[in-house]
Amino acid sequence: MSKHYEGSCHCGAVKFSYTGEEITKGVRCNCSICSRKGAMMSSEIIAPEALQIEAAEGALGLYQFGEKTARHFFCKNCGIYTFHQTVRKPGHYRVNLGCLDGVDVFALDADVFDGKHLL
Ligand SMILES: [Zn+2]
C-alpha cells in the first residue's frame, strides 16, 4: 500500500514529498553523524526520481565527510536535517521522519542500523 508524504524543514525553506511504502517504523543509526543528529529516518530507501525536492534558492546545504559517498542535506536557514543520500545505495534517499506531516515519530518503533561498525 503506497502513501503520499509531504515534509519540510522547520522554517519551510526546504520542502519535499514522495509516494512510498506506508510508514510503520523507522531507522536510527549509531554512526558518528547520526548519533549526533539523533533523527529517526525512513526505513524505506527512496529512489531519486520518487523524491520531489523544492528548496528556496541557496537554502539546501550539503555536508559530506570521510569517503564522501553519503550526502547529508540540511536547511541552511534553520539547520534541520531533511534527507540524505545513503552509503548503502548511493544517490538514493532516506528522509527525516520528524519532518513529515502527519507522522508521529514518537509512536513508531525503530530498527537500529549499526553504521558505527559498518561504515
Ligand atoms: Zn529551514
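For the structure given in this document, a descriptive report is provided here. Every chain is numbered independently, its residues counted from 1 as its sequence is written. Selection of residues for local features in this predicted model requires a pLDDT of at least 70, selection of side-chain atom pairs for listing and counting requires 80 or more, and totals for whole chains, interfaces and linings are taken over all residues. Only hydrogens and water are removed before side-chain values are computed, so all heavy atoms of the structure are retained for them.

Section: the side chain of Thr 86
Along the polypeptide, Thr 86 turns up in the loop between strand S8 (81-85) and strand S9 (93-95). Residue exposure (1.4 Å probe, protein chains only): buried if accessible area is under 20% of the type maximum, exposed if over 50%, otherwise partly exposed. Residue classification places Thr 86 among the buried residues on the basis of a relative accessible area of 4%. A polar contact is formed between the side chain of Thr 86 and the backbone nitrogen of Lys 89, at a distance of 2.8 Å. Apart from residues no more than four positions distant in its own chain, Thr 86 is found in contact with Ala 70, His 92, Tyr 93 and Arg 94. Going along the chain from the N terminus, every DSSP run of H or I of four or more residues is numbered as a helix, and every run of E of two or more is numbered as a strand. Here a polar contact means two N or O atoms within 3.5 Å. Within protein one must be a hydrogen donor candidate and the other an acceptor candidate, and residues neighboring in sequence count only if both atoms are side-chain atoms. Contacts: residue pairs with any heavy atoms within 4.5 Å of one another.

Considerations on the coordination of the zinc ion
Of the protein atoms, only Cys 9 (SG), Cys 11 (SG), Cys 75 (SG) and Cys 78 (SG) coordinate the zinc ion, at distances of 2.3 to 2.4 Å. Shown as donors are all N, O and S atoms within 2.8 Å of a metal ion, widened to 3.2 Å for Na, K and Ca; because water is not in the atom set, sites may appear incomplete. Geometry assignment treats four donors as tetrahedral when all angles are between 85 and 135 degrees, treats four as square planar and six as octahedral when opposite donors are over 155 degrees apart and all others between 65 and 115, and treats everything else as irregular. Relative to the metal, the 4 donor atoms surrounding the zinc ion lie at angles of 107 to 116 degrees, and the coordination shape comes out tetrahedral. Counting residues between consecutive donors of the zinc ion along the chain gives the motif C-x1-C-x63-C-x2-C. With a gap of 67 residues between them, Cys 11 in the loop between strand S1 (2-8) and strand S2 (14-21) and Cys 78 in the loop between strand S7 (71-75) and S8 connect regions that are remote in the sequence. You can call Cys 78 partly exposed: its relative accessible area is 26%.

What to know about the packing of aromatic side chains
Note on aromatic pairs: the rings of Phe, Tyr and Trp (six-membered ring only in Trp) are paired at centre separations within 6.5 Å, and the planes decide the class, stacked below 30 degrees, edge-to-face beyond 60, tilted for the rest. Overall, the coordinates contain 6 aromatic pairs when judged by the stated rule. Measuring from ring centre to ring centre gives 5.3 Å for Phe 16 and Phe 83, while their planes differ by 85 degrees; the resulting arrangement is edge-to-face. Placement of the pair is Phe 16 in strand S2 and Phe 83 in strand S8, with a sequence separation of 67 residues. There is no split in this pair, since Phe 16 and Phe 83 are both buried. Relative to Tyr 93, the ring of Phe 83 has its centre 5.7 Å away and its plane inclined at 85 degrees; by these criteria the two rings are edge-to-face. Of this pair, Phe 83 sits in strand S8 while Tyr 93 sits in strand S9, placing them 10 residues apart in sequence. Taking the relative accessible area as the measure of exposure, Tyr 93 reaches 9% and is therefore buried. By way of ring pairs, the aromatic residues Phe 16, Phe 73, Phe 83 and Tyr 93 are connected into one cluster.

Focus on the pattern of salt bridges
Here, a salt bridge means any side-chain nitrogen of Lys or Arg that lies within 4 Å of a carboxyl oxygen of Asp or Glu. Applying the stated criterion across every chain, the model contains 1 salt bridge. We note a salt bridge from Asp 111 to Lys 25, for which the minimum N-O separation is 2.7 Å. Taken as a pair, Asp 111 in strand S10 (residues 109-113) and Lys 25 in strand S3 (residues 25-29) lie far apart in primary sequence, 86 residues in all. Since its relative accessible area comes to 35%, Asp 111 is described here as partly exposed.

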